[in-house]
Amino acid sequence: MIKPGLKIGILLTLILVLPSLFFSAYEISNINQNEAVIDSVYSSQLESILFSVNQYSDDVISGWANQLDKGKYGVETEIKLLVSKNYSIDAFFLIDSLKHQLFPKEKIPEDSITILKRNLENAFANNAGNIERLQEYIKSGYQKIGVLDFNRKGKSLFAFARTVDSLSVETVLLLVDTEKFIKENLGPKIQGIAQDQFYISVIDKKRNTEIYSNVVFDEGEKNIQQRRQIWLFPAYDLGIQMKGNTIEDLVRERTNTNIIMLIVMDLILLLGAWFVYRNIRQQMKLTQLKSDFISNVSHEIRTPLALINMYSETLEMGRLPSEEKKKEYYKVINTEANRLSNMVNNILNFSKIESGKREYHFREADINAEIETILENYGQHLHKKGFEIKFEAFDELPKLIIDKEAVSEAIINLIDNAVKYSDETKRIEIVCHADLEFAYINVIDFGIGISKKDQLLIFDKFYRVSSGDLANKVKGSGIGLSIVKHIMDAHNGQITVQSSKEGGTCFTLSFPLRYKNERFEIVDI
Ligand code: ADP
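Keep in mind that this is a model prediction, so the values were computed, not measured. (Residues numbered from 1 in each chain as written. Predicted model: local features only at pLDDT ≥ 70, side-chain atom pairs only at ≥ 80, totals over all residues. Heavy atoms only, no water.)

## Examining the site of the ligand
Around the ligand, 19 residues are found, and the nearest of them are Tyr421, Asp445, Arg464, Ser477 and Leu481. Between an oxygen atom of the ligand and a side-chain N or O atom of Lys420, the distance comes to 3.0 Å. One of the backbone N or O atoms of Leu481 is found 2.9 Å from an oxygen atom in the ligand. Coverage of the ligand by the protein chains reaches 98% of its 520 Å² of free accessible surface. For the shell around the ligand, the secondary structure elements donating two or more residues are helix H9 (404-420), helix H12 (480-490) and strand E16 (504-512). Residue classes in the shell around the ligand are distributed as nine nonpolar, seven polar and three charged. (Near = heavy atom within 4 Å. Polar contact = N/O pair within 3.5 Å; in protein donor to acceptor, adjacent residues only side chain to side chain. Areas by Shrake-Rupley, 256 points an atom, 1.4 Å probe, with all protein chains shown as cover. Helix = DSSP H or I, 4+ residues; strand = E, 2+ residues; numbered from the N terminus. Nonpolar A, V, L, I, M, F, W, Y, C, P; charged D, E, K, R; others polar.)

See the structure below:
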């Protein structure tokens, strides 16, 4: 059978913790999905930036090609203008069926020009298929820029066709210094697009070195996220990276915070469930203790009642031979009635304490005399039970302001326990002494003792030690010591215990001396 406490624990876990754990798992899996979505949006954004840089380089060359047709000075002058104005253009080479015309950059030596011309002619011949396709395009009204194979380091060769008149088409080769083009023509565009948000670089694929970037970047921070080939310069790649925290970093950071928050929330819930469970368990324990208390009290009351009943019945029947015997019976009835009234008082006081209605009336008292009275009242009963009592009074009467009824009640409770929990050695000592700050009353027995663990619990209401033969046999309500503790708290004092299984138990009541304890003025006479 599952214990009710455990059942509640399982139920709480099911009701409170499981749904939240499921929710957390669901959220965490969603976070990953969200991360993937954000990542793909971000990737396509980077891709479109790279696309626009690529498109722009295409536009620059197409713009030059257009200028040959649309410029107002005629092809040759326009070419010369373009060559002189653009640092990155090395040469234009016009080829039609009749002539081959080279327009190189100024100041190129004559022999270099001859070599260049030969090279361009070779390239023209080697890329014949390609050029034919460009001519087909122009015939259908579309001018396309072609990239030709050209084996000169750092140079790129482009070709496009143009219609001269309705019958003839000519080819234009354009020789460009690649790095100059990237720096001069693409650079400003890259700066404009990147602004302060991105780091865009151009990488020489063969050497894997960066030949241009919009910002000087610390190597350590470099982490290119997207890389695309430049259409017009296949030997080069464009790379892009977000400045500062990347979206991935941000998403990861957010994901981590979310996961941490969820875990913290789950932990709080678990903690809450544990507290509720603990509380319920305590309440259940208390309910159990209360029901034990009722059965214990009934049991305790029954014994003196039975004795009173028996002795009074015998007296009533007049069967007792001598006056002495009668006296003895009356005494027993008296003692048992006192015990009963003590028990009932204890319970009433306990209930007053519980409801916060117990009042104390403090005044200066002769504590030695109080203890003497207690011993007078109980002495006979104790002697009858075989107890030897030793009382060491205060040498000098301490100045104590106390509620003497309450203190007597505390001492009676302690003596009562000493009687109940003594086994073979039936001796009780009451030793009083004082130092500069406190007056102490020790109630000592040589009984069964209290384990260290139980010493921490015996002052709790309803707590009773359940291990050990005698502790189990002896009936009690479990409220005596909690009442004593309450009385001592009200006196601004303390109850402490020293005990061992072999040596018995010593309870000490410590009362602060009057001059240390101005709180207790005489409030009631
Ligand atoms: P009870 O009515 O059970 O005596 P108390 O509150 O007076 O209730 O005491 C609580 C528990 O402390 C007792 O059940 C007993 O086990 C233990 N106890 C109290 N006084 C002594 C003592 N003098 N020697 C051994 N055990 C004691």
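Structure's up, so let's keep going.
## Comments concerning the pattern of salt bridges
Enumeration according to the criterion identifies 20 salt bridges in this entry. The partner of Arg358 in a salt bridge is Glu409, with the nearest N and O atoms 2.9 Å apart. You can see Arg358 sitting in the loop between helix H7 (323-354) and strand E10 (363-364) and its partner Glu409 sitting in helix H9, a full 51 residues away along the chain. Glu409 matches Arg358 in its accessibility class, with the two residues each being buried. The structure contains a network of salt bridges with shared partners spanning Glu179, Lys183, Asp204 and Arg207. (Salt bridge = Lys/Arg side-chain N within 4 Å of Asp/Glu carboxyl O. Buried < 20%, exposed > 50% of the residue type's maximum accessible area, 1.4 Å probe, protein only.)

## Thoughts on the sheet that holds strand E1 (residues 89-95)
Taken in spatial order, the five strands make up an open sheet running E2-E1-E5-E4-E3, and their pairing is antiparallel. Strand pairing shows two members of the sheet lacking a second neighbour, strand E2 (100-104) and strand E3 (146-148), which therefore form its edges. For this sheet the average axis-to-axis angle between neighbouring strands, irrespective of direction, equals 25°. Inspection of the sheet shows strand E4 (residues 155-163) paired to strand E5 (residues 169-177) by nine bridges, in the antiparallel sense. Of the residues in E5, the one forming a bridge with Ala159 is Leu173. In this fold helix H2 (residues 75-85) packs onto E1, E2 and E4, with an angle of close to 160° to the strand it touches most, E1. Together, E3, E4 and E5 form the strand contacts of helix H4 (residues 128-139), whose direction differs from that of E4 by roughly 40°. (Pairing = 2+ DSSP bridges. Axes fitted to C-alpha atoms, helices over the stretch in contact; angles between N-to-C directions. Contact = heavy atoms within 4.5 Å.)

## Quick look at the pairing of strand E9 (residues 233-242)
For E9, a buried count of eight out of 10 residues is recorded, marking the element as mostly surrounded by other parts of the structure. Pairing of strand E8 (residues 226-230) with E9 involves five bridges; the strand directions are antiparallel. Residue Gln226 lies in a different strand from E9, and its bridge partner there is Ile240.

## Details of H9
The end-to-end C-alpha distance of H9 is 24 Å, a good match for the 24 Å that 17 residues give at a rise of 1.5 Å each. In terms of residue burial, H9 counts as a mostly covered element, since 13 of its 17 residues are buried. Taking the backbone nitrogen of Glu405 as reference, a side-chain oxygen 3.2 Å away marks Asp403 as the first, capping residue of H9. (Expected span 1.5 Å × (residues − 1).)

## Description of the packing of helix H8 (residues 367-384) against H9
Two elements in contact, H8 and H9, have axes whose closest approach is 10 Å; the angle formed by their N-to-C orientations is 40°. Remark: the crossing between H8 and H9 carries right-handed chirality. Facing Ile367, Glu370, Ile371, Ile374, Leu375, Tyr378 and Leu382 of H8, the residues of H9 in contact are Lys404, Val407, Ser408, Ile411, Ile412, Ile415 and Val419. In terms of residue class, the contact of H8 with H9 is built from 11 nonpolar, one polar and two charged. (Left-handed = near helix turned anticlockwise from the far one by under 90°.)

## Observations concerning a nonpolar patch on the surface
A contiguous nonpolar surface patch, about 540 Å² in accessible area, is contributed by Leu6, Ile10, Leu11, Leu14, Ile15 and Leu16. Within the element layout of this structure, Ile10 appears in helix H1 (residues 4-70). (Patch = residues over 30% accessible without salt bridge, like charges linked within 9 Å, V, L, I, M, F, W, Y side chains within 5 Å.)

## Here we look at the state of the cysteines
Following the criterion strictly, the structure yields zero disulfides and no others. Note on Cys432: no disulfide assigned, nearest cysteine sulfur contributed by Cys506 at a separation of 11 Å. Accessibility expressed as a relative area gives 14% for Cys506, which makes it buried. (Disulfide = S-S within 2.5 Å.)

## Comments concerning the confidence of the model for the chain
Confidence in the prediction for the chain averages 86 pLDDT; 95% of positions are at 70 or higher. Scored below 50 in pLDDT, residues 519-525 makes 16 contacts in the model with residues more than four places away or belonging to other chains. (pLDDT = per-residue confidence, 0-100.)

## Considerations on empty space enclosed by the protein
Overall, the coordinates contain one cavity of 30 Å³ or more when judged by the stated rule. For the largest cavity, the calculated volume is near 40 Å³. Forming the boundary of the largest cavity are Ile374, Tyr378, His381, Leu382, Ile412, Ile415, Asp416 and Val419. Looking at the lining of the largest cavity, the elements with two or more residues in it are H8 and H9. Of the residues that constitute the lining of the largest cavity, the class distribution is six nonpolar, one polar and one charged. (1 Å grid on protein atoms, 1.4 Å probe; cavity = no way out; pocket = protein on both sides within 12 Å on 5 of 7 lines; lining within 4 Å. Points joined across faces, edges and corners; volume = space filled by probe spheres on them.)

## Some remarks on the sheet that holds strand E13 (residues 427-434)
A sheet is described by the order of its strands in space; here five strands give the open sequence E11-E13-E14-E16-E15, paired in mixed fashion. Since the sheet does not close on itself, it has two edges, and those belong to strand E11 (388-392) and strand E15 (494-500), each with one partner. Taken over all neighbouring pairs, the strand axes of this sheet differ in orientation by 15° on average, direction set aside. One ladder, built from five bridges, connects E11 with E13; its direction is parallel. The residue bridging Ile389 from the neighbouring strand is Ile428, located in E13. This element, H8, spans E11, E13 and strand E14 (438-445) of the sheet and lies at about 175° to E11.

## Structural notes on the side chain of Asn442
Along the chain, the position of Asn442 falls in strand E14. Classification of Asn442 as buried rests on a relative accessible area of 11%. At 2.8 Å, the side chain of Asn442 and the side chain of Thr508 are in polar contact.

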